[in-house]
Amino acid sequence: MKTLQFREALREAMSEEMRADNSVFLMGEEVAEYNGAYKVSQGMLDEFGPDRVIDTPIAELGFTGIGVGASMNGLRPIVEFMTWNFAILAADQIINSAAKMLQMSGGQYHCPIVFRGGNGQAGQLAATHSQAFEAFYAHVPGLKVITPSTPYDAKGLLKAAIRDEDPVVFLESEKMYGDKGEVPEGEYIIPIGVADTKRKGHSVTIVSFGKIIKVAHEAAEALAKDGIECEIIDLRTVRPIDYAAVVESVKKTNRCVVVEESWPLASISSEIAYHLQRYAFDYLDAPVMRVTQTDTPFAFSPTLIDEALPNVERIVNAVKSTLYRN
């Protein structure tokens, strides 16, 4: 094993796939000459040249359309967005073209393309630059949606995404790029749609994904001091969701708290809660609780940021509520 930053794990995944397959290329704003807005693609221009690491204009709709067309014609593009907030401008190509191409072409055109970049809140960036898009894209048939929480998961899942025949939305976090973690020396792939048990426990199941997993771990450590042992399930992929892993955990703990960064309405946590009441009802000893961002546009004020996001106190209170210990 070796220790890599999150950004380095992503870079290794892309570079390994580009060395193995000449049809893979990277495009996006500042990915080449500037080495990437968050230095994910550092050094890749030197290795692969300007035909495969391509700087684009500030025109998300345009270069995303080029990527979709390229994927229909035998190439495997990786399209980087500086932030997923900017990808709203490209939503027509992602949702109306890439996601629907296989069905609308009667199976004639696959669209093997990866859309990736920073997602969610990253500090004092205010409402238009702090949105978490997991549920937004998971709502769309034809897309696969991945949101890793560790360098290990990031590398293995990105390699799987690049090889996939369908369009994949890959949601990272600007606040995770410097995170460090162990990654195997050799090549490995993590299958899309398989959750991971990040912590074993018997008192309650905490389901989460992305960078909020770190807050879930902090809450679990605090709860352990009170004798409450939480099991943490990291979904890793929110389309498809590994429902079986969640149900099996809840069969053991009989309680569940779902934690996510985005808003509560039509959320991943809503979907998990529905699935558990439908397929694990007889195992539940308490209602499924969820901890989400407050139902408001995101603020610039650091005080309001702390109030809006899931935090340790809110998770601890939700867990204790399922145990009737509040």
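Use the structure listed above.
Residues numbered from 1 in each chain as written. Predicted model: local features only at pLDDT ≥ 70, side-chain atom pairs only at ≥ 80, totals over all residues. Heavy atoms only, no water.

(A) Representation of empty space enclosed by the protein in the model. Summed over all chains, the structure comprises 1 cavity of 30 Å³ or more. Quantified by volume, the largest cavity comes out at close to 50 Å³. Lining the largest cavity are Asn 119, Glu 134, Thr 147, Pro 148, Leu 171, Glu 172, Ser 173, Met 176, Gly 210, Lys 211 and Glu 261. Looking at side-chain class alone, the lining of the largest cavity contains 3 nonpolar, 4 polar and 4 charged residues. (1 Å grid on protein atoms, 1.4 Å probe; cavity = no way out; pocket = protein on both sides within 12 Å on 5 of 7 lines; lining within 4 Å. Points joined across faces, edges and corners; volume = space filled by probe spheres on them. Nonpolar A, V, L, I, M, F, W, Y, C, P; charged D, E, K, R; others polar.)

(B) Highlighting the state of the cysteines. The full count for this structure, using the stated rule, is 0 disulfides. Of all cysteine sulfurs in the structure, the one in Cys 256 sits closest to Cys 230, which takes part in no disulfide; the separation is 11 Å. (Disulfide = S-S within 2.5 Å.)

(C) Molecular detail of the sheet that holds strand β9 (residues 196–199). Reading across from one edge, β9-β11-β10-β13-β14 is the order of the 5 strands in this open sheet, with mixed pairing throughout. Bordering the open sheet on either side are β9 and β14 (289–291), each of which pairs with just one other strand. Adjacent strand axes in the sheet meet at a mean angle of 25°, parallel and antiparallel pairs treated alike. Sheet topology places strand β10 (residues 204–208) next to strand β11 (residues 230–234); 5 bridges connect them, and they run parallel. Each residue of the ladder has a partner; that of Val 204, found in β11, is Cys 230. Against the sheet, helix α8 (residues 212–224) contacts β9, β10, β11 and β13 (256–259), and its axis sits at roughly 170° relative to β11. (Pairing = 2+ DSSP bridges. Helix = DSSP H or I, 4+ residues; strand = E, 2+ residues; numbered from the N terminus. Axes fitted to C-alpha atoms, helices over the stretch in contact; angles between N-to-C directions. Contact = heavy atoms within 4.5 Å.)

(D) Layout of a negative patch on the surface. Together, Glu 30, Glu 33, Asp 46 and Asp 55 make up a negatively charged patch on the protein surface. Mapped onto the elements, Glu 33 comes out in the loop between β2 (24–28) and α2 (44–48). (Patch = residues over 30% accessible without salt bridge, like charges linked within 9 Å, V, L, I, M, F, W, Y side chains within 5 Å. Areas by Shrake-Rupley, 256 points an atom, 1.4 Å probe, with all protein chains shown as cover. Salt bridge = Lys/Arg side-chain N within 4 Å of Asp/Glu carboxyl O. Lys, Arg positive; Asp, Glu negative; His and termini not counted. Charge placed at Lys NZ, Arg CZ, Asp CG, Glu CD.)

(E) Structural detail: the packing of aromatic side chains. For the structure on display, the rule yields 10 aromatic pairs. When the centroid spacing of 6.2 Å and the interplanar angle of 50° are considered together, the rings of Phe 133 and Tyr 137 count as tilted. Residue Phe 133 is classed as buried on the basis of its relative accessible area, which comes to 4%. For Tyr 137, a relative accessible area of 0% puts it in the buried group. (Phe/Tyr/Trp six-rings, centres within 6.5 Å; stacked < 30°, edge-to-face > 60°. Buried < 20%, exposed > 50% of the residue type's maximum accessible area, 1.4 Å probe, protein only.)

(F) Here's a closer look at helix α3 (residues 60–72). With 13 residues, α3 extends 18 Å from end C-alpha to end C-alpha; this agrees with the ideal 18 Å at 1.5 Å per step. The set of residues buried in α3 consists of Glu 60, Phe 63, Thr 64, Gly 67, Val 68, Ala 70 and Ser 71. One face of α3 carries all of its buried residues, which in axial projection span an arc of 160°. Turning to α3, the residues buried within the fold contact β2, β4 (76–81), α4 (91–98) and β5 (114–118). Positive backbone phi, at 100°, marks Gly 74, one or two positions downstream of α3. (Expected span 1.5 Å × (residues − 1). Arc of directions from axis to C-beta.)

(G) Quick peek at the layout of surface pockets. Each pocket or cavity is described by its volume, and for the largest pocket that value is around 400 Å³. What lines the largest pocket is a set of 20 residues, and nearest its centre among them are Ala 135, Phe 136, His 139, Ala 266 and Ser 267. Those elements that place two or more of their residues in the lining of the largest pocket are α6 (134–138), β12 (237–239) and α10 (268–279). Among the residues making up the lining of the largest pocket, the classes are represented as 13 nonpolar, 5 polar and 2 charged. Reported here for the second largest pocket is a volume of approximately 230 Å³. What lines the second largest pocket is simply Gln 121, Lys 175, Lys 211, Ile 212, Lys 214, Val 215, Ile 305, Asp 306, Leu 309, Pro 310 and Asn 311. Mapped onto the lining of the second largest pocket, the elements with two or more residues apiece are α8 and α11 (302–308). If one sorts the elements of the lining of the second largest pocket by residue count, α8 sits on top with 3 residues. Per-class residue counts for the lining of the second largest pocket are 5 nonpolar, 2 polar and 4 charged.

(H) Focus on the sheet that holds strand β7 (residues 168–172). Spatial strand order, β3-β2-β4-β5-β7-β6-β12: 7 strands in an open sheet with mixed pairing. Lying at the two open borders of the sheet, with one neighbouring strand each, are β3 (53–55) and β12. Going across the sheet, the axis of each strand differs from the next one's by a mean of 20°, ignoring polarity. Note that β4 and β5 share 4 bridges and pair parallel. In the strand pairing of β5, Phe 81 is matched with Gly 117. In this fold helix α7 (residues 151–163) packs onto β2, β4, β5, β6 (144–146), β7 and β12, with an angle of close to 160° to the strand it touches most, β7.

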